[in-house]
Every structure is written in structure tokens, then in C-alpha cells.
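Report on the structure
Here's the letter readout for the chains.
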Amino acid sequence: MKEYLCLRVPLRREMMTTVRLATGGVCSAAGLSYDGGEDCKVCVTESLLLLMRRGYFAADVCFTAPAEGGVRVCVTGEEGAAEQTDSDEDEIALALLNALAEDVTMDQDGGALRAIAFAFGQQA
């Protein structure tokens, strides 16, 4: 699996634009369609917001290229965290992730969400 890019970002709202721009560049390099890239940006942003609402102060965002094409994204919370119950915002974020992305997985550590991974297939 080829690695496109890994970023460690502070979880602050003003950083979301930077991450969205990087996501768009990776999706373009991976050959995703415009719509696929936009959907991936939404999923990355929602994943970061989920982790931020759970008390993480930073996150690692890693983009890789699976052998079958497309992009695989893993967003992992770093520094901090607290167990938190799901809010309405969280339910909407999870619904978006499951509707837009393929192969969505959540890694939980002792009941706390730690990482979110998902994929987008190559679209001509």
C-alpha cells in the first residue's frame, strides 16, 4: 500500500480548511472524480470534528493508496480524549460517513472513539 500523505494537525476549526485542501490534492493525485474528492473532504472533516468533540487536541490524518486503486483514509485522535456520549451532531456525522464512504471502521479504546478509517474507490 503506497502512502500519499500523513498529517498531524491540531484539532481547531481554523485548521479544517487546510486539511480539506490537502485532502483535495490527494484525491486528485489518486484519480478520484470531482464528486468523489468532495465526498472524501466531507468525510475527513466530519471525522476530525467527531474526534474534537470527544476531547482530542490533535489528530493524525493518513492517506494511502490501496492496490485496487482509490484512497484509504485513517483519522486517529491524539493527545487527550474523554468518554463522551453521542450527540445529534455525532449521529449526523456518522450517517454521512456511512452514506458517502466505503468500508467505514471505527476503532474504540475502552469505550472511547480513537480512530476512523474509510475508503473511496477510484472513479474515472
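Above: the structure in question.
Computed from a predicted structure; not experimentally measured.

For the rest of this paragraph, the subject is the state of the cysteines. Scanning all chains against the criterion turns up one disulfide. Each disulfide pairs two cysteine sulfurs, and for Cys6 the partner residue is Cys62, the sulfurs being separated by 2.3 Å. With the S-S bond torsion at 125 degrees, the cross-link from Cys6 to Cys62 turns out right-handed. Taken together, the residues span a long stretch of sequence, with Cys6 in strand S1 (residues 2–10) and Cys62 in strand S2 (residues 56–65) at a distance of 56 residues. Its relative accessible area of 35% is what places Cys6 among the partly exposed residues. Judged by relative accessible area, Cys62 falls into the partly exposed class, the value being 23%. Looking at Cys40, it has no disulfide partner, and the nearest cysteine sulfur is the one in Cys27, 3.6 Å off. Given the relative accessible area of 0%, Cys40 is considered buried. There is no disulfide at Cys43, and the cysteine sulfur nearest it, in Cys40, is 6.7 Å away.

This part takes up the sheet that holds strand S4 (residues 102–109). Taking strand neighbours across the sheet as the criterion, the five strands line up as S1-S2-S3-S5-S4 in an open arrangement whose pairing is antiparallel. Two strands bound the open sheet, and with one partner strand each, they are S1 and S4. Within this sheet the neighbouring strands show an average axis-to-axis angle of 15 degrees, counted without direction. Sheet analysis places S1 next to S2, joined by eight bridges and oriented antiparallel. By the bridge assignment for S2, Leu7 is matched with Val61. Its contacts with the sheet put helix H1 (residues 16–29) on S1, S2 and strand S3 (71–80), and the angle it makes with S1 is roughly 175 degrees.

On to H1. Spanning 14 residues, H1 covers 20 Å between terminal C-alpha atoms, matching the ideal 20 Å at 1.5 Å per step. Tucked inside the fold, the buried residues of H1 contact S1, helix H2 (34–53), S2 and S3. Looking one or two residues past H1, Gly31 carries a phi angle of roughly 85 degrees, positive in sign.

Conventions used here
- Along each chain, the written sequence defines residue order, and numbers are assigned to residues from 1.
- Owing to the predicted nature of the model, reporting of local features is limited to residues with pLDDT of at least 70; listing and counting of side-chain atom pairs is limited to 80 or more, with chain, interface and lining totals taken over all residues.
- In computing side-chain properties, one takes all heavy atoms of the structure into account and sets aside hydrogens as well as water.
- Disulfide: a pair of cysteine sulfur atoms within 2.5 Å of each other.
- Secondary structure elements follow DSSP: runs of H or I no shorter than four residues count as helices, runs of E no shorter than two count as strands, and numbering proceeds from the N terminus.
- Partly exposed describes any residue whose relative accessible area lies between the buried limit of under 20% and the exposed limit of over 50%, with all areas from a 1.4 Å probe on protein chains only and scaled to the type maximum.
- We treat two strands as partners when DSSP finds at least two bridges between them.
- Where helices are involved, their axes are fitted lines through C-alpha atoms of the stretch in contact, as for all axes, and angles between N-to-C directions lie from 0 to 180°.
- Residue contacts are defined here by distance: any two heavy atoms, one from each residue, within 4.5 Å place the two residues in contact.
- Given a helix with a known number of residues, its expected span is that number minus one, times 1.5 Å.

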